Structures are given as structure tokens and as C-alpha cells.
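Here is how the chains run, residue by residue.
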Amino acid sequence: SIVILNKGLRIFVSMDHAEVVDPKGITKDVAGVGHWGTGDVEMMMDSLDQLEDIMAIIEQAFQKQESE
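Residues numbered from 1 in each chain as written. Predicted model: local features only at pLDDT ≥ 70, side-chain atom pairs only at ≥ 80, totals over all residues. Heavy atoms only, no water.

Colleague: I'd like to hear about the pattern of salt bridges, residue by residue, with values.
Modeller: Taken as a whole and judged by the stated rule, the model has 3 salt bridges. Arg10 is the partner of Glu42 in a salt bridge, and the nearest nitrogen-oxygen pair spans 3.6 Å. With Glu42 in strand E4 (residues 41-45) and Arg10 in strand E2 (residues 8-13), this pair connects stretches of sequence that are 32 residues apart. Classification of Glu42 as buried rests on a relative accessible area of 12%. The class for Arg10 is partly exposed, based on a relative accessible area of 26%. One salt bridge in this structure joins Lys24 and Asp53, with 3.5 Å as the shortest N-O distance. Separated by 29 residues along the polypeptide, Lys24 in the loop between E2 and strand E3 (27-29) and Asp53 in helix H1 (residues 51-67) bring together distant segments of the chain. (Salt bridge = Lys/Arg side-chain N within 4 Å of Asp/Glu carboxyl O. Helix = DSSP H or I, 4+ residues; strand = E, 2+ residues; numbered from the N terminus. Buried < 20%, exposed > 50% of the residue type's maximum accessible area, 1.4 Å probe, protein only.)

Here you go:
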């Protein structure tokens, strides 16, 4: 899910946060926290410079869904 904000994008992916490989620390565990969007992993994007790192996390979510 993507939530459009004035300051950027808030992106949620459906994965268990413990399974995410996130060497840059761009994700946040929002399981059990009320939030807009579907998924337990949240990322904030406020610059196009972050796109490659965010896409790497999104790819992990897609690969996990394909393997299930």
C-alpha cells in the first residue's frame, strides 16, 4: 500500500518485519499498530535517492509471496 503525503510517500509491504533484510534501517515494524495501508512493514520515502533501497524491500515482499 502507498499513502501519499505532503512530505513524501508512506509505503507498506506485507511481510513479517523479522524476515526483512534491511541493512540501511529504512523499515519500521508496525504490526499491532493502527495505520493506513496493508502490511506490517512501513517505509517513508521523501527523496528519489531512496528509491533503490525501497525497491529492494518491495522485491523481498514479492519473492516471499511467490514462494508461498
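Colleague: Before we move on, can you summarise H1 with the specific residues and values?
Modeller: With 17 residues, H1 should reach 24 Å at 1.5 Å per residue; the first-to-last C-alpha distance of 24 Å fits that figure. Buried positions along H1 lie against E2, E3 and E4. (Expected span 1.5 Å × (residues − 1). Contact = heavy atoms within 4.5 Å.)

Colleague: Report on the nonpolar core, specifying residues and quantitative values.
Modeller: Ile11, Val13, Met15, Val20, Val41, Met43, Met45, Ile54, Ile57, Ile58 and Ala61 form the largest nonpolar core, which has 11 residues in total. Among the secondary structure elements, those contributing two or more residues to this core are E2, E4 and H1. With 4 residues, the top contributor of residues to this core is H1. Those residues in contact with Val41 that sit more than four places away from it in its chain are Ile11, Phe12, Val13, Met15, Asp16, His17, Val20, Thr27, Lys28 and Val30. (Core = buried A, V, L, I, M, F, W, Y, C linked by side-chain atoms within 4.5 Å.)

What is shown is where atoms sit, not what they do.
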